[in-house]
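Residue-level listing of the chains:
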Amino acid sequence: MADASVEIVEGCRLPVLRRNQENEDEWPLAEILSVKDVPGKKLYYVHYIDFNKRLDEWVTPDRLDMKKLQFPKKEAKTPTKNGLSGSRPSSPEREVRKSLELNLQSTTAPSRGKTLPTPKRKVESVTLAPQVSPVTPVPSLPSSTEASQASIYPATTFTNKTNREEHESLTSLTTNGTARRLMPSQPGRKRKNCGGTDEMIKVFQLNSPRCPPVPLQPGEDSQDSSDGIPSAPRMTGSLVSDRSHDDIVTRMKNIECIELGRHRLKPWYFSPYPQELTSLPILYLCEFCLKYLKSLKCLQRHLTKCNLRHPPGNEIYRKGTISFFEIDGRKNKIYSQNLCLLAKCFLDHKTLYYDTDPFLFYVMTEYDSKGFHIVGYFSKEKESTEDYNVACILTLPPYQRRGYGKLLIEFSYELSKVEGKTGTPEKPLSDLGLLSYRSYWSQTILEILMDLKSENGERPQITINDISEITSVKKEDVISTLQYLNLINYYKGQYILTLSEDIVEGHERAMQKRHLRIDPKCLHFTPKDWSKRGKW
């Protein structure tokens, strides 16, 4: 309970009562981000420490535990933009962020709203060290640099393994630094260079596979560089949010509710809609052109004049009730900006730019008698120097947990197949995005490995490059997924892949539930050469 004699200010930390998923009361530590007066009482906007920002909310004083109140530390006065000194309450979270910013300013200083040019290199080193719990170590493969120097990748064996602990840890992709070697060098023992992605991977079927486990170093934090010094996430992606510019305004949700067609959505994060709309109890959107309006009467008047019944652009895919529309950010600028504003309500790791010209937007819709209703979308750069095939990806909350997210991901890779490229999503991924991509990569790669058949009594063979070319999944993501599944072991001078019965059964159950799939025959898409400026 709040004590009226103590004034709670921004930056304070204290336990706050909330209900968890099991509908049980809990008191997690939270930080006060804002305080506002309403008739008869005060309201406090809180961020639960170590919880996702989408759980932030306004709470009443009776939900605060004043006995464990922590006041913020005062910062030294520093000159502000207008030259005047100023100070504001500090929290441990801000102090950690500021210290990291100071350490990283000399190495990472991206310009806001622009894509930084990256020097061309023959080989790009990519860290694939997954974040794991101490209980479940995940192996690391040699880096792409080492593999290129050796010209071949390790021969990898495919084995049935009956007993293995289930993997429970989530991992995150890394885009900085170099990967570590899988096996530490042993004194008095010489090892030949490992094989490469062009060498065939031998697929063995052993009757009694007892592959001795190899001591592997657990993956370090995904943001660590090769020398152990923490490094910032890559900021060369055009839509990556520069978190150093976070302030108290953008940390708070500013839209209470959105009505989109027959759905009412509760936003998760801040979105830069016009200030005069943030005080409305409900923000109304036209579900076809995504124009935002302040009242139901305005929406009804708009619908009498709006001729759209589907997203603008070209319909490049249709199967059943599912359609995909390709929208050029330059030709349909207003729609693209409105789409970005809506998406920002549910995406925290990406930032919004009104310059939509360099992007293509692929909107997935569901058709009924009233028109084509937006389900989700993904955007991609017309020209990506980092081989990104997705910049932002979102399934709207009413359609989540129904297979649409994986369908969006599969469609993005189908486009990459037509373009003859391998692709990867822009980093960093959100927590839900990471789960979806990990699941898609795992199912896609396991599907290929389980379909391998022996020829003439010999063991079937495949290379990492073959998997990458078949799926259009970037080579580093293939290796990262094998690490995540904990399939890689070192046995008798070879890298082997071990498939347990649990993984096989789990994969079969997952594929039975996956009813929505992309049919390449229904895709009508011709890639353009965006390097020619005339096509913009």
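Each chain carries its own residue numbering, running from 1 in the written order of its sequence. Under the rules for a predicted model, residues below a pLDDT of 70 receive no local features and side-chain atom pairs below 80 are neither given nor counted, while totals for whole chains, interfaces and linings still include all residues. Computation of side-chain values: all heavy atoms of the structure, hydrogens and water removed.

The name given to the protein chain in an unreviewed UniProt entry is Histone acetyltransferase KAT5, with Chanos chanos as the source organism. Turning to the protein chain, the UniProt annotation filed under Subcellular location (unreviewed entry) states: "Nucleus". UniProt positions are given in the numbering used here, feature names are shortened, and annotations may be inferred rather than shown by experiment. In its Sequence similarities (unreviewed entry) section, UniProt records this for the protein chain: "Belongs to the MYST (SAS/MOZ) family."

**Things to note about the pattern of salt bridges**
Salt bridges are defined as contacts in which a side-chain nitrogen from Lys or Arg sits within 4 Å of a carboxyl oxygen from Asp or Glu. Counted under the stated rule, the structure contains 19 salt bridges. A salt bridge links Arg54 to Asp431, with the nearest nitrogen and oxygen atoms 3.1 Å apart. Taken together, the residues span a long stretch of sequence, with Arg54 in the loop between strand E5 (41-48) and strand E6 (57-59) and Asp431 in helix H6 (residues 431-450) at a distance of 377 residues. When accessible area is computed with a 1.4 Å probe and restricted to protein chains, residues below 20% of their type maximum are described as buried, those above 50% as exposed, and intermediate ones as partly exposed. On the basis of relative accessibility, which here comes to 34%, the residue Asp431 falls in the partly exposed class. Taking the shortest distance from any N to any O, the salt bridge between Glu419 and Lys380 comes out at 3.2 Å. One end of the pair, Glu419, is in helix H5 (residues 404-419); the other, Lys380, is in strand E20 (residues 371-381), and 39 residues separate them in sequence. Residue Glu419 is classed as partly exposed on the basis of its relative accessible area, which comes to 25%. Shared partners join several salt bridges into a network, and the residues in it are Glu410, Glu447, Arg514 and Arg517. Numbering of helices and strands runs from the N terminus; a helix is a DSSP stretch of H or I covering at least four residues, while a strand is a stretch of E covering at least two.

**Re the sheet that holds strand E16 (residues 292-293)**
Taken in spatial order, the four strands make up an open sheet running E14-E13-E15-E16, and their pairing is mixed. Either end of the sheet is taken by a strand with one partner, and the two such strands are strand E14 (263-265) and E16. When DSSP finds two or more bridges between a pair of strands, those strands are recorded as paired. Of the strand pairs in this sheet, strand E13 (residues 258-260) and strand E15 (residues 283-285) are connected by three bridges, and their pairing is parallel. Each bridged residue has a counterpart across the sheet, and for Leu260 the counterpart in E15 is Leu285.

**Points about helix H4 (residues 333-344)**
Taking 1.5 Å per residue as the helical rise, H4 with its twelve residues ought to reach 16 Å, and the 16 Å between its terminal C-alpha atoms agrees with that figure. Across the twelve residues that make up H4, a large majority, ten, are buried. When H4 is considered as a whole, its buried residues turn out to be Tyr335, Ser336, Gln337, Asn338, Leu339, Cys340, Leu341, Leu342, Ala343 and Lys344. Expected helix span is computed as 1.5 Å times (number of residues minus one).

**A short note on the sheet that holds strand E22 (residues 392-395)**
Taken together, the five strands give an open sheet; going across it, the order is E17-E18-E19-E20-E22, and neighbouring strands pair in antiparallel fashion. At either margin of the open sheet sits one strand with a lone partner, and together these are strand E17 (314-319) and E22. Strand-to-strand twist of the sheet, defined as the mean angle between neighbouring strand axes without regard to direction, takes the value 20 degrees. As defined by bridge partners, strand E18 (residues 322-328) adjoins strand E19 (residues 359-368) across seven bridges and the pair is classed as antiparallel. Here an axis means a line fitted to C-alpha atoms, over the contact stretch when the element is a helix, while the angle between two N-to-C directions is reported on a 0 to 180 degree scale.

**As for the pairing of E17**
Here E17 runs beside E18; their pairing, made up of five bridges, is antiparallel. Looking at E18, one finds that Asn314 is bridged to Glu326. Counted between consecutive antiparallel strands, the loop separating E17 from E18 contains two residues, among which Gly320 sits at a positive phi close to 65 degrees.

**Things to note about unusual backbone geometry**
Following Lys427, the chain continues into Pro428 via a peptide bond in cis, with omega recorded as 0 degrees. Look at Asp387: it is not a glycine, yet its phi comes out positive at around 60 degrees. Examined against the element boundaries, Asp387 turns out to sit in the loop between E20 and strand E21 (388-390). Of note in this structure, Ser472 is not a glycine but carries a positive phi near 65 degrees. Note on placement: Ser472 falls in the loop between helix H7 (464-471) and helix H8 (475-484). Using a relative accessible area of 3% as the deciding quantity, one classes Ser472 as buried.

**Let's talk about the nonpolar core**
For the purposes of this section, nonpolar cores are sets of buried Ala, Val, Leu, Ile, Met, Phe, Trp, Tyr and Cys residues that join through side-chain atoms within 4.5 Å. Phe324, Leu342, Tyr377 and Phe411 are the most contacted members of the largest nonpolar core, which has 80 residues in total. Looking at this core element by element, the count peaks at eight residues for H6. Shared between two domains, this core takes at least three residues from each, and those domains are domain 2 (285-428) and domain 3 (429-516). Whether two residues touch is decided by their heavy atoms; if any such pair falls within 4.5 Å, the residues are in contact. Excluding residues within four positions of it along the chain, Tyr377 makes contact with Leu339, Ala343, Leu347, Phe361, Tyr362, Val363, Met364, Cys392, Ile393, Leu394 and Leu408. Of all hydrophobic cores here, the second largest spans 13 residues; its members include Ile8, Cys12, Val16 and Ile32. Here the limits of each domain have been adopted from an automatic or database domain assignment.

**A word on a positive patch on the surface**
Judged by side-chain charge, Lys291, Lys294, Lys297, Arg301 and Lys305 come together as a positively charged surface patch. Counting through the fold element by element, Lys297 comes out in helix H3 (residues 296-305). Patches here are clusters of residues that have more than 30% relative accessible area and form no salt bridge, with a 9 Å joining cutoff for like charges and a 5 Å cutoff for nonpolar side chains (Val, Leu, Ile, Met, Phe, Trp, Tyr). Per-residue accessibility takes into account occlusion by the displayed protein chains alone, with areas from the Shrake-Rupley method and a 1.4 Å probe. A residue counts as positive if it is Lys or Arg and as negative if it is Asp or Glu; His and the chain ends are not included. Charged groups are reduced to one reference atom each: NZ for lysine, CZ for arginine, CG for aspartic acid, CD for glutamic acid.

**Remarks on the packing of aromatic side chains**
Classification of ring pairs uses Phe, Tyr and Trp, with its six-membered ring standing for Trp, and accepts pairs whose centres are within 6.5 Å; under 30 degrees between planes counts as stacked, over 60 as edge-to-face, and the remaining range as tilted. Within this structure, the stated rule accounts for 17 aromatic pairs. For the pair Tyr437 and Trp441, a centre-to-centre distance of 5.4 Å together with 55 degrees between the ring planes defines the contact as tilted. Here the residue Tyr437 and the residue Trp441 both occupy positions in helix H6, the gap between them amounting to four residues, near one helical turn. The same class applies to Tyr437 and to Trp441, which are both buried.

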